[in-house]
Amino acid sequence: MTTDASRPDRAPGAGAATEMARAYRPGEFEPRIYRTWIEADVFAPDGAGARPRAEQQPFVVIQPPPNVTGSLHLGHAQRSAVEDLMVRHARMQGRPTLFLPGLDHASIAAQVVLDRIIAADGETRASLGRERYLERMWSFVETTREVMLGQQRRVGASADWGRIRFTMDEVSSRAVREAFARLYEDGLAYRSETLINWCPGCRTSLSDLEVIATPETGSLWTIRYHVVDPATGAVAPGEEIHIATTRQIGRA
């Protein structure tokens, strides 16, 4: 962009414009704009800068809380953008609007990530013990929490940050206990003997939400392994280990 020297009402060099950058640099503009929104307190439905109309129907989006295991990815950014689009549209309609942010403790997933971190230090859950491991976990969660919340602000999510929820907060934990108690009392949650997904590394059961159970008629195969006497190398008489499986045994 150059100076407009062709206009007779302007002296040469007067009102010279700054050359426009060849590429858009979001870091030069977006943090400042986001701070302006925060300072204006427009994200909370009852914020000082909010202008909802009381006669309008409220609009609420509860963010599916991302796992607090590291940093967000493009899928989170895309989802937040879509949710934020709906939230801002509702605000423009004058509806009392709440975009409720949150984070999930992701127990097993966080454990796997932290186990890799402490393994690099030559430690394990067993060597640290319960109390020290929990201290490391809370420290890890606090670090990743700040990273992830910062990323959500960077993509412009207009969430009410004063109402942020973490699934291990007392309020959230109490709500979960209350929900499960009601499900149990209504006969919708119960204990029974059933097959589960067991992780020998994590030493706990894992969710089978993505498993589609299909009833099949099969056979139970038992494989017998002889025990070898380590002193003589000979098969120990009468000592065997039996392993049962429902998998089909292939033929050579």
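Residues numbered from 1 in each chain as written. Predicted model: local features only at pLDDT ≥ 70, side-chain atom pairs only at ≥ 80, totals over all residues. Heavy atoms only, no water.

1. Section: the environment of V228
Here is step 1 of the chain: Within the secondary structure layout, V228 lies in strand β7 (residues 221–228).
Here is step 2 of the chain: With 12 residues separating them in the primary sequence, V228 and E240 have C-alpha atoms 9.1 Å apart.
Here is step 3 of the chain: In this view, V228 contacts G233, A234, V235 and A236; residues no more than four positions away in its chain are not counted. (Helix = DSSP H or I, 4+ residues; strand = E, 2+ residues; numbered from the N terminus. Contact = heavy atoms within 4.5 Å.)

2. Points about the side chain of S80
Here is step 1 of the chain: One can find S80 in helix α2 (residues 74–92).
Here is step 2 of the chain: With residues near it in sequence (within four places) discarded, S80 still touches Q63 and V155.

3. Some thoughts on the confidence of the model for the protein chain
Here is step 1 of the chain: Looking at the protein chain, the pLDDT average stands at 87 and 91% of residues meet or exceed 70.
Here is step 2 of the chain: Counted against residues more than four places away or in other chains, residues 1–8, with its pLDDT under 50, gives 8 contacts. (pLDDT = per-residue confidence, 0-100.)

4. Considerations on the packing of aromatic side chains
Here is step 1 of the chain: Taken as a whole and assessed by the stated rule, the structure comprises 5 aromatic pairs.
Here is step 2 of the chain: Centroid distance Y24 to F29: 5.8 Å. Interplanar angle 10°. Geometry classified as stacked.
Here is step 3 of the chain: On the basis of relative accessibility, which here comes to 54%, the residue Y24 falls in the exposed class.
Here is step 4 of the chain: Ring plane angle 65° and centroid distance 5.9 Å describe the contact between Y34 and W37, whose orientation is recorded as edge-to-face. Of this pair, Y34 and W37 are both found in helix α1 (residues 30–40), 3 residues apart, which corresponds to roughly one turn of the helix. (Phe/Tyr/Trp six-rings, centres within 6.5 Å; stacked < 30°, edge-to-face > 60°. Buried < 20%, exposed > 50% of the residue type's maximum accessible area, 1.4 Å probe, protein only.)

5. With respect to helix α4 (residues 125–154)
Residues spaced three or four apart along an α-helix face the same direction, because each turn holds 3.6 residues.
Here is step 1 of the chain: Given a rise of 1.5 Å per residue, 30 residues ought to cover 44 Å, yet the end C-alpha atoms of α4 are separated by just 35 Å, more than 12% below that figure.
Here is step 2 of the chain: Within α4, the axis deviates most sharply at E131, by approximately 80°.
Here is step 3 of the chain: Burial in α4 covers these residues: L128, Y133, M137, F140, V141, T144, R145, M148, L149 and Q152.
Here is step 4 of the chain: Of the surrounding secondary structure, the elements contacted by the buried residues of α4 are β3 (102–103), α3 (107–120) and β4 (165–166). (Expected span 1.5 Å × (residues − 1). Bend = angle between axes of the 7 residues up to and from the residue.)

6. What to know about the nonpolar core
Here is step 1 of the chain: F99, L114, Y133, M137, F140, V141 and W161 are the most contacted members of the largest nonpolar core, which totals 25 residues.
Here is step 2 of the chain: Counting residues per element, this core draws most heavily on α4, which supplies 7 residues.
Here is step 3 of the chain: Dropping the residues within four chain positions of it, F140 is found in contact with V68, T69, A110, V113, L114 and I117. (Core = buried A, V, L, I, M, F, W, Y, C linked by side-chain atoms within 4.5 Å.)

7. Some details on the environment of C199
Here is step 1 of the chain: Secondary-structure assignment places C199 in strand β5 (residues 197–199).
Here is step 2 of the chain: Remark: the alpha-carbon pair of C199 and V113, spanning 86 residues in sequence, is separated by 15 Å.
Here is step 3 of the chain: Discounting residues that sit within four places of it in the chain, C199 has contacts with T204 and L206.

8. Notes on the pattern of salt bridges
Here is step 1 of the chain: All told, the structure shown has 12 salt bridges when counted by the stated rule.
Here is step 2 of the chain: Between R182 and E178 there is a salt bridge, and its shortest N-O distance comes to 2.8 Å. Within this pair, R182 and its partner E178 are both found in helix α5 (residues 170–185), separated by 4 residues, close to a single helical turn.
Here is step 3 of the chain: A salt bridge links R224 to E240, with the shortest nitrogen-to-oxygen separation between them at 3.6 Å. Residue R224 is found in strand β7, and its partner E240 is found in strand β8 (residues 235–245); the two are separated by 16 residues along the sequence. (Salt bridge = Lys/Arg side-chain N within 4 Å of Asp/Glu carboxyl O.)

9. Overview of the pairing of strand β1 (residues 59–62)
Here is step 1 of the chain: Burial along β1 is one-sided: the face carrying F59 and V61 is buried and the face carrying V60 and I62 is not.
Here is step 2 of the chain: Relative to strand β2 (residues 97–100), β1 runs parallel, the two sharing 4 bridges. Bridge pairing in β2 places I62 opposite L100.
Here is step 3 of the chain: Handedness of the β-α-β unit built from β1, α2 and β2 comes out right-handed. (Pairing = 2+ DSSP bridges. Right-handed = clockwise from strand over helix to strand, strands pointing away.)

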